[in-house]
Amino acid sequence: MLRSILKSKIHRARVTAVRIDYEGSLSIDEELMERADIVPFEKIEIYNISNGARFSTYAISANRGSGEVALNGAAARLGAIGDIIIIATFIMLDENSLKNHRPKLVFVDDKNRVIGDKN
């Protein structure tokens, strides 16, 4: 049996831009993506702490060190600049792999700079 398990998350990121006229996705600072082991075009789940919206999309890279976390396309209707969100990814693991799995947890400040992580 396989279980869907948290692979990684970026906790309490702030939305820095909203672009309705974009093809879709969430732009994330490349450094944050690497720290959370998120690759371009990977499916991500978004949990908007500010308004309760929960949705999925895919990640695209924003400039390294920019702190950018931008809602693009349809996702732009589900948040506003300044909203606090959680960005999560999941993997499928068998029972034996569960024992040694630890998700990558990335914690950021109000400028989306890394203030701590657990891997």
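Residues numbered from 1 in each chain as written. Predicted model: local features only at pLDDT ≥ 70, side-chain atom pairs only at ≥ 80, totals over all residues. Heavy atoms only, no water.

1. Overview of the overall build of the protein
Along the protein, the regular secondary structure elements total two helices and nine strands. Start at the N end of the protein and walk to the C end: the helices and strands fall as β-β-β-α-β-β-β-β-α-β-β. For the protein, the C-alpha radius of gyration of 14 Å lies close to 14 Å, the compact-globule estimate for 119 residues. Taken over the C-alpha atoms alone, the protein extends approximately 45 × 30 × 25 Å along its principal axes. In the protein, which comprises 119 residues, the proportion classed as buried is 44%. Nonlocal contacts in the protein, meaning residues at least 24 apart in sequence, comprise 76% of its contacts between residues at least 6 apart. Counting every atom, the protein has about 6,500 Å² of accessible surface; 49% of that belongs to carbon and sulfur. (Helix = DSSP H or I, 4+ residues; strand = E, 2+ residues; numbered from the N terminus. Rg over C-alpha atoms; globule rule 2.2 N^0.38 Å. Buried < 20%, exposed > 50% of the residue type's maximum accessible area, 1.4 Å probe, protein only. Contact = heavy atoms within 4.5 Å. Areas by Shrake-Rupley, 256 points an atom, 1.4 Å probe, with all protein chains shown as cover.)

2. Observations regarding the nonpolar core
Counting 22 residues, the largest nonpolar core has Ile10, Leu26, Ile28, Ile38, Ile44, Ile85 and Ile87 as its most contacted members. Listed by contribution, the elements that provide at least two residues to this core are β1 (2-14), β3 (25-29), α1 (30-35), β4 (43-48), β5 (54-62), β6 (69-72), β7 (84-94) and β8 (104-108). If sequence neighbours within four positions are ignored, Leu26 has contacts with Ile44, Ile46, Thr57, Tyr58, Ala59, Ile60, Val69, Ala70, Leu71, Asn72, Ile85 and Ile87. (Core = buried A, V, L, I, M, F, W, Y, C linked by side-chain atoms within 4.5 Å.)

3. Quick word on the pairing of β5
Both β3 and β5 contribute to a ladder of four bridges, which runs parallel. By the bridge assignment for β5, Ser27 is matched with Ile60. Across five bridges, the pairing between β4 and β5 is antiparallel. Note that in β5 the partner of Ile44 across the bridge is Thr57. Turn length for the β4-β5 hairpin, with the two strands adjacent in sequence and antiparallel, is five residues, and the turn residue Gly52 shows positive phi of about 85 degrees. (Pairing = 2+ DSSP bridges.)

4. Section: the side chain of Thr89
Take Thr89: it is sitting in strand β7. A relative accessible area of 0% means that Thr89 is categorised as buried. Within polar-contact distance, the side chain of Thr89 engages the side chain of Ser8 at 2.6 Å. Excluding anything up to four places from it in sequence, Thr89 contacts Ile5, Leu6, Lys7, Ser8, Ile38, Glu42, Lys43 and Ile44. (Polar contact = N/O pair within 3.5 Å; in protein donor to acceptor, adjacent residues only side chain to side chain.)

5. Section: the environment of Thr16
Relative to the helices and strands, Thr16 is located in the loop between β1 and β2 (17-19). The exposure class of Thr16 is partly exposed, given its relative accessible area of 36%. In sequence terms Thr16 and Gly67 are 51 residues apart; their C-alpha atoms lie 7.9 Å from each other. Apart from the residues lying within four places of it in its own chain, the contact partners of Thr16 are Gly67, Glu68, Val69, Ala70, Ile81 and Asn112.

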